[in-house]
Amino acid sequence: MQDQDNSRRDFIKAAGVGGLGLVALSSPWLKVFGDNKANSKAASDKVRIGMIGVGSRGSYHLNYLKQMEQTDNIEVIGVCDNYQPHLNDAINITKGTAKGYLDYRKLLEVKDLDGVVIATPLHMHAQITIDALKAGKHVFCEKAMAKTIEECKLMVDTAREKGKILQIGHQRLFKPTYIKAIEYIRSGKLGKVTQIRAYWHRNNDWRRPLPSPELERQINWRLYREYSCGLMTELASHHIQVANWVLGKTPVSVMGTGSINYWKDGREVEDNIAVIYSYADGTQFVYDSMTSNKFYGLEQQILGDKGTMELETNKMYSENPPQPAGILQLVNDIEHGIFDSITVAGASWVPETAAKNKGEMICLDDKIDEGKLQLIGLVNAIRQNKPVPQLMEQGYYSGLWTLLGQQAIDEKRIITLPKEYII
Amino acid sequence: MEAQSAIAIQYFHCSSMGTRFDFLTYGIDEELFNTVQQQIKQELERIESKFSRFAPHSEVYRINNLAFSKEVITDEETFELINLCKIYYLKTNSLFDITVGKKTELPFHSQAITIQECSNTPSHFENSLLGADKIITVPSKTAIRFANPYLSIDLGGIGKGYALEKIKNICLQYQITNAFISFGESSITTLGRHPHGDHWPIGIQHAFNPGPTIYTCKLNNSSISTSGNSLNNKTKFGDRGHIYHPKTGTFENTPKSVSVVCQSAIEAEVLSTALFIANEDEREKTLDQFSVNEALQVNYDSFNNYTIINYNTKVNP
């Protein structure tokens, strides 16, 4: 934990002083760490946060926020959930310091409240976000942004109209491996990127245990189209955001297909999907997700004519690989159960020109918890009282193209973006 | 298909002593690893700031600036380390010498200096004034004095080995029994074994034409250090080698490398430097003074051809 804290401090410091070079262009939201006001510890600059939705994801955020009360000049003053057991758990996490609410509108009436973190089921994101923005509160909303593209646009329009922060919870935007990878890609390390592939494979029914049967739709909301778009909104939206970030643009069209071919248990969302996004220069982003095989797990591969990156596992492979440093080879060998000699030429002076391609790590120091870092970014931005550059846009276009992907699956046709949704 | 390993690796690296430091262990508690990592980093910083001859606040800098004009009282650690270097000076037939550091400085900054000029830089007169035996030590006061103004101390030839021994002790203090610890992959020490074998296999590559390993050393609670000339040295230092011969006053530029495996990281480092410049007689006499597992010399005839001589393995007298 201490090491994580040290890494985080170093990272924030580096980001704040603009020492990240190309990163400042490719990840401009990191500037949020650089302002003195943003890091102020003055009592008058304390940021007061409310949590709306404190189930599994919400309590994950709540735990971070409680840690940040010790370090980041914030206070969690209210927690809200319409499911009493979750609300009780949340109040316990705060050791009773936060007031509990069953109705989020009551929480929004609290005058001192600066911002809210929303981690409700997807179908509630838009209404709560818009109500919060209209109440003068800054908003962090979990991904995916909303359940319809109309809602996404309305959320953005409201945030802009009210001059409030709207941050969508794509934590990879704050993960050092991804930030480093984008920096490398922008600097040409992979050459021309012509395809991105990603997959998220699980082998389970995606169900949560039910205290009683009538709670099925409330607890397992991810399985029903009234509340969610399933694999697209709950999983794919992460990788769609990263693909857009890698390429520095958004798609021009999407095609896709999906079905329920395994979990025929009454669910309404697909248990397997495949979508292909096309970008204006012909680059493709190919994505698939399934819930009946987990052998390949989770990965996002960036394919360029000079190299490949596997972002989820922090690996980079050159098409013409240099000899990996012995230590990196050793790490790779151990991870793959290989007992092989640790190659040194006798010194750090070996020309790096050789042979086998076992890959190398993109980022050597990846211990920073991006889940916490995105919340530190949020409270810093609230303290500065101004939107973070390009952060809302990342969430918006990810949300939008996630939903257009779902539309392509539903309607079995190629979908393009209506012009009125370009922001 | 490779088997996926369930072994949890704990690894960190940092920059230290002008090169990259790597530490790898496995199978220990994460909190413990974080504690050890912090201690190792602190120890590296401490050693570097104390023994660097370039750092104005270092103990070595202070000694170099004062020890000719007066007796310098130093701390016990510094005193013992300098004394150790004096012992190694004797045991290596004057080949390991901490007083020749300044001789290597000038050419570092000048690409224009030729082998001839390098050879001519130190005069025989100056050479006769150098030598660790001319550092006067007074144990009762832990005091250091230089016999002449040409002397200065450079612990660069032993510092990494010294740090590796210190780090090994930190590991043992925390019951870490398996670790791979490296400075720039030229000075390495190990504890225990590789998680998938009974030792840490260290492969030596062809220095001018890297490819498959040309020799593998087995390390288990032992250390390896390598000194050598390569393309990179020539690029970096000009068209010459980078190891200074204290007796001839020249830089050794033969295309070769010497790797020494023994228990002590300090002695591995001392010996790889000494044996690199030793003639046959000096090599035999030096090896007689130490207990080494392996002493390898790789001679490079061309970009493809090489010969390996294993001088090995006389047991300590």
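Being a predicted model, the structure only gives us computed values, none of them experimental. Position numbers for residues count from 1 along each chain, tracking the sequence in the order it is written. Starting at A for chains and at 1 for ligands, labels are handed out in the order in which the entities are written. The predicted origin of the model limits local features to residues at a pLDDT of at least 70 and limits the giving and counting of side-chain atom pairs to 80 or more, whereas totals for whole chains, interfaces and linings rest on all residues.

Examining the overall build of chain A
Numbering of helices and strands runs from the N terminus; a helix is a DSSP stretch of H or I covering at least four residues, while a strand is a stretch of E covering at least two. Across its full length, chain A carries 13 helices and 16 strands. Exposure classes come from backbone-placed C-beta atoms, where a residue is buried if 20 or more other C-beta atoms lie within 10 Å of its own, exposed if 12 or fewer do, and partly exposed in between. Looking at the 423 residues of chain A, the share that counts as buried comes to 49%. Contact between two residues is assigned whenever their backbone-derived C-beta positions fall within 7 Å. Of all intrachain contacts in chain A linking residues separated by at least 6 positions in sequence, the fraction that spans at least 24 positions is 72%.

Let's talk about the overall build of chain B
Helix and strand counts for chain B stand at 10 helices and 15 strands. A burial count over chain B gives 45% of its 317 residues as buried. The contacts in chain B between residues at least 6 apart in sequence include a share of 63% that link residues at least 24 apart.

Structural notes on the sheet that holds strand β3 (residues 72-73) of chain B
Residue and element names in this part refer to chain B. With antiparallel pairing, the three strands of this open sheet are ordered in space as β3-β5-β4. The open sheet is flanked by β3 and β4 (135-138), the only strands paired with a single partner. Here, any two strands with at least 2 DSSP bridges between them count as paired. Where β3 lies against strand β5 (residues 143-146), two bridges are found, and the strand directions are antiparallel. Paired with Ile73 across the two strands is Ala143, which belongs to β5. Lines fitted to C-alpha atoms define the axes here, with helix axes fitted over just the stretch in contact, and angles between the N-to-C directions of these axes take values from 0 to 180 degrees. Its contacts with the sheet put helix α3 (residues 76-91) on β4 and β5, and the angle it makes with β4 is roughly 130°.

Looking at the environment of Ala132(A)
Residues and elements named next belong to chain A. With respect to the element layout, Ala132 can be found in helix α6 (residues 125-134). Looking at Ala132, the number of C-beta atoms within 10 Å reads 29, which means it is buried. For the pair formed by Ala132 and Lys164, sequence separation is 32 residues and the distance between their alpha carbons is 9.8 Å. If we ignore the near neighbours within four places in the chain, the residues touching Ala132 are Leu108, Val116, Lys137 and Val139.

Digging into unusual backbone geometry
A cis amide bond links Lys143(A) to the next residue, Ala144(A), at an omega of -10°. Relative to the assigned elements, Ala144(A) resides in the loop between β5 (138-142) and α7 (149-162). In the Ramachandran plot, Asn93(B) falls in the positive-phi region, its phi being about 55° despite a non-glycine side chain. Inspection of the secondary structure puts Asn93(B) in the loop between α3 and α4 (105-108). Judged by the 18 C-beta atoms lying within 10 Å of it, Asn93(B) is partly exposed. Phi is positive for Asn221(B), close to 55°, though the residue is something other than glycine. Position of Asn221(B) among the secondary structure elements: in the loop between β9 (215-219) and β10 (223-228).

Quick word on the confidence of the model for chain A
How sure the predictor is of each residue is captured by pLDDT, a score from 0 to 100. Mean pLDDT over chain A works out to 89, with 88% of the residues at or above the 70 mark. Residue range residues 345-356 of chain A is modelled with pLDDT below 50. Its contacts to residues more than four positions away, or to other chains, number 43 contacts.

Observations concerning the pairing of strand β6 (residues 179-183) of chain B
Residues and elements named next belong to chain B. Taken across its five residues, β6 has five buried, putting it largely inside the fold. In β6, alternate side chains face the same way, and those of Ala179, Ile181 and Phe183 on one face and Phe180 and Ser182 on the other are all buried. The pairing of strand β2 (residues 19-26) with β6 spans five bridges and is classified as antiparallel. In the sheet register, Thr25 faces β6, and the bridge partner there is Ala179. Two strands pair when backbone bridges link them, and β6 and strand β7 (residues 187-191) are joined in this way by five bridges, in the antiparallel orientation. Across the sheet, residue Ala179 finds its bridge partner in β7, namely Leu191.

Some details on the confidence of the model for chain B
Residues and elements named next belong to chain B. Of all residues in chain B, 78% attain a pLDDT of 70 or more, and the chain-wide mean is 82. Mean pLDDT values for the elements of chain B range from 38 in helix α5 (residues 115-120) up to 97 in α3. Low pLDDT, under 50, characterises residues 105-122; the predicted model gives this stretch 19 contacts beyond four residues in sequence or across chains. For the stretch residues 231-240, pLDDT sits under 50, and the model shows 19 contacts to residues farther than four places along the chain or on other chains. Confidence estimates for the predicted assembly give a pTM of 0.58 and an ipTM of 0.77.

Topic: the pairing of strand β7 (residues 193-201) of chain A
Residues and elements named next belong to chain A. Two elements, β7 and strand β11 (residues 298-304), share seven bridges in a ladder whose sense is antiparallel. What sits directly across from Arg197, in β11, is Gln301. The pairing of β7 with strand β10 (residues 284-290) spans seven bridges and is classified as parallel. Its bridge partner being in β10, Gln195 is matched across the sheet by Gln284.

Examining α7(A)
All names here are of chain A. Multiply 1.5 Å by the residue count of a helix minus one, and that product is the helix's expected span. Spanning 14 residues, α7 covers 20 Å between terminal C-alpha atoms, matching the ideal 20 Å at 1.5 Å per step. Of the surrounding elements, those touching the buried residues of α7 are α6, β6 (166-169) and α13 (391-411). Positive phi shows up at Gly163, right after α7, with a value of about 65°.

Considerations on the nonpolar core
Side chains that are nonpolar tend, in soluble globular proteins, to be buried together. In this usage, the nonpolar core is the set of buried Ala, Val, Leu, Ile, Met, Phe, Trp, Tyr and Cys residues whose C-beta atoms join them within 7 Å. If you look at the biggest cluster of nonpolar residues, it comprises 106 residues, and the most contacted ones within it are Met51(A), Ile118(A), Val139(A), Met155(A) and Val246(A). Among the elements that make up this core, the one with the highest residue count is α13(A) (10 residues). By convention here, the domain bounds are inherited from an automatic or database domain assignment. Among the domains, domain 1 (2-171 + 370-386) and domain 2 (174-323 + 357-364 + 401-416) of chain A are the pair contributing at least three residues each to this core. Dropping the residues within four chain positions of it, Ile118(A) is found in contact with Ile52(A), Gly53(A), His125(A), Ile128(A), Thr129(A), Val139(A), Phe140(A), Cys141(A) and Glu142(A). Val331(A), Leu164(B), Trp200(B) and Ile202(B) belong to the second largest nonpolar core, which has 80 residues in total.

What about the packing of helix α10 (residues 231-247) of chain A against α13(A)?
Residues and elements named next belong to chain A. The geometry of α10 relative to α13 is characterised by a closest axis approach of 8 Å and an angle of 125° between their N-to-C directions. Taken together, the axes of α10 and α13 are oblique relative to one another. Considering the relative orientation of α10 and α13, their crossing is right-handed. Here Met232, Thr233, Ala236, Ser237, Ile240, Gln241, Asn244 and Trp245 of α10 come into contact with α13, specifically with Gln394, Tyr397, Ser398, Gly399, Trp401, Thr402, Gly405 and Gln406. Among the residues making up the contact of α10 with α13, the classes are represented as six nonpolar, 10 polar and no charged. Working definition: roughly parallel below 35 degrees, roughly antiparallel above 145 degrees, roughly perpendicular at 65 to 115 degrees, and oblique for all remaining angles. In this scheme the handedness of a crossing depends on how the near helix is turned from the far one: anticlockwise by less than a right angle means left-handed, clockwise means right-handed. For this classification, Asp, Glu, Lys and Arg are treated as charged, while Ala, Val, Leu, Ile, Met, Phe, Trp, Tyr, Cys and Pro are nonpolar and the rest, including Gly, are polar.

Focus on the packing of helix α3 (residues 56-71) of chain A against helix α4 (residues 84-93) of chain A
All names here are of chain A. Contact geometry of α3 with α4 gives a least axis separation of 10 Å together with a crossing angle of 15°. Judged on the interaxial angle alone, α4 and α3 are roughly parallel. Two packed elements cross with a definite hand, and for α3 against α4 that hand is right-handed. Between α3 and α4, the contacting residues are Ser59, Leu62, Asn63 and Lys66 on the first element and Asp89, Ala90 and Ile93 on the second.

Describing the sheet that holds β5(A)
Residue and element names in this part refer to chain A. Across the sheet, six strands lie side by side as β3-β2-β1-β4-β5-β6; this open sheet has parallel pairing. The sheet terminates laterally at β3 (99-101) and β6, the two strands that pair on one side only. If you compare each strand with its neighbour and ignore which way they point, the axes differ by 25° on average. The pairing of strand β1 (residues 47-52) with strand β4 (residues 115-118) spans four bridges and is parallel. Looking at β4, one finds that Met51 is bridged to Val117. Packing against the sheet, α6 makes contact with β1, β4, β5 and β6, and its axis sits at approximately 170° to β5.

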